[in-house]
Amino acid sequence: MDMPFDAMSDVSDEALLVLYANGDRAAARALTVRLTPRVLGYATRVLADAAEAEDVAQEAMLRLWRIAPEWRQGEAKVSTWLYRVVANLCTDRLRRRRSAPLEEAEEPVDEARDAARQMQDAARARALSDALASLPERQREAVVLRHLEGMSNPEIAEVMDVSVEAVESLTARGKRALAARLAAQKDALGYEDD
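From a predicted model like this one, the values you see are computed outputs, not experimental measurements.

Chemist: Outline the nonpolar core, supporting the account with residue identities and numerical values.
Modeler: If you look at the biggest cluster of nonpolar residues, it comprises 49 residues, and the most contacted ones within it are L17, Y42, L64, V86 and L145. If you list the elements that add at least two residues to this core, you get α1 (13-21), α2 (25-47), α3 (50-67), α4 (78-96), α5 (115-134), α6 (137-148), α7 (153-160) and α8 (164-183). In terms of residues, this core owes the most to one element, α2, which gives 11 residues. Not counting chain neighbours up to four residues away, the residues in contact with L17 comprise L31, L64, W65, I67, A68, W71 and V78.

Rendered as structure tokens:
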């Protein structure tokens, strides 16, 4: 018998995956609602293309459902495994389109802000997206996972299949490169000296 959907908010990702593997559809819905927005956001930041990010997120979730029957609790976190799949799928797509220019992702408009603020926010988001896109792939992955997805260095190391020290180095170099790329735009983006 399926557990009620709202009763699953306190159930771990790993337990939900095992429940799904045993036929609990509510567990699949709960896990999908919990993880899809996170992996979609990550893929969008890495790829700077909403449509491609949706494809990656869907493929990653399909792979999660396929491995559910073989999932062994305690070996890895579901979210870490899923982020690694998304990272690999994004890397594959970036490699395929290297010769093609990156398209700018449209930012949603916040109706509560005035037009000037909306334009400034969009310019800031574009500048960050462009600066992230200019980083080497591994630095971009590390910076996005750490500072936009909020993952810890050990989690990132597991996702990227590198050491924690490598994550620290990639993140530090990526942050320095971002700061250098964005420094010239500081006034134009409306940031004042602190």
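Still more ground to cover, so stick around.
Chemist: Describe the side chain of R140, with residues and values.
Modeler: Mapped onto the elements of the fold, R140 is located in helix α6. An unpaired buried charge is present at R140: no salt bridge exists, and E137, the closest side chain of opposite charge, is 5.1 Å distant.

Chemist: Could you give an account of the environment of W65, naming the residues involved and the relevant values?
Modeler: Among the structural elements, W65 can be located in helix α3. Looking at W65, the relative accessible area reads 17%, which means it is buried. Beyond its immediate chain neighbours, meaning those up to four positions away, W65 contacts L17, Y20, A28, L31 and T32.

Chemist: Describe the environment of R38, naming the residues involved and giving the relevant values.
Modeler: Mapping R38 onto the fold places it in helix α2. The exposure class assigned to R38 is partly exposed, which follows from its relative accessible area of 35%. Note: C-alpha distance between R38 and Y83 (45 residues apart in sequence) is 8.9 Å. Ignoring any residue separated from it by four or fewer positions in sequence, one finds R38 in contact with S79, Y83 and E149.

Chemist: Now, about the side chain of E14: what can you tell me, with residues and values included?
Modeler: Along the chain, the position of E14 falls in helix α1. Of the side chains with opposite charge, K77 lies nearest to the buried E14, which makes no salt bridge, at 6.3 Å. When neighbours within four sequence positions are excluded, E14 is seen to be in contact with W71, Q73, A76, K77 and V78.

Chemist: Account for the packing of aromatic side chains, with residues named and values stated.
Modeler: Taken as a whole and assessed by the stated rule, the structure comprises 3 aromatic pairs. Between Y20 and W65, the aromatic rings sit 4.7 Å apart at their centres with planes inclined by 55°, giving tilted as the arrangement. Taken together, the positions of Y20 in helix α1 and W65 in helix α3 put the pair 45 residues apart, joining distant regions of the chain. Taking 6.3 Å as the distance between ring centres and 85° as the angle between the ring planes, the aromatic pair formed by W71 and W81 counts as edge-to-face. Of this pair, W71 sits in the loop between α3 and α4 while W81 sits in helix α4, and the two are 10 residues apart along the sequence. Residue W71 is classed as buried on the basis of its relative accessible area of 14%.

Chemist: Kindly report on the environment of V162, identifying the contributing residues and their values.
Modeler: Structurally, V162 is set in the loop between α7 and α8. Not counting the four nearest positions on each side in its chain, V162 is found in contact with R138, A157 and V167.

Calculation notes
- Residues numbered from 1 in each chain as written.
- Predicted model: local features only at pLDDT ≥ 70, side-chain atom pairs only at ≥ 80, totals over all residues.
- Heavy atoms only, no water.
- Core = buried A, V, L, I, M, F, W, Y, C linked by side-chain atoms within 4.5 Å.
- Buried < 20%, exposed > 50% of the residue type's maximum accessible area, 1.4 Å probe, protein only.
- Helix = DSSP H or I, 4+ residues; strand = E, 2+ residues; numbered from the N terminus.
- Contact = heavy atoms within 4.5 Å.
- Lys, Arg positive; Asp, Glu negative; His and termini not counted.
- Salt bridge = Lys/Arg side-chain N within 4 Å of Asp/Glu carboxyl O.
- Phe/Tyr/Trp six-rings, centres within 6.5 Å; stacked < 30°, edge-to-face > 60°.

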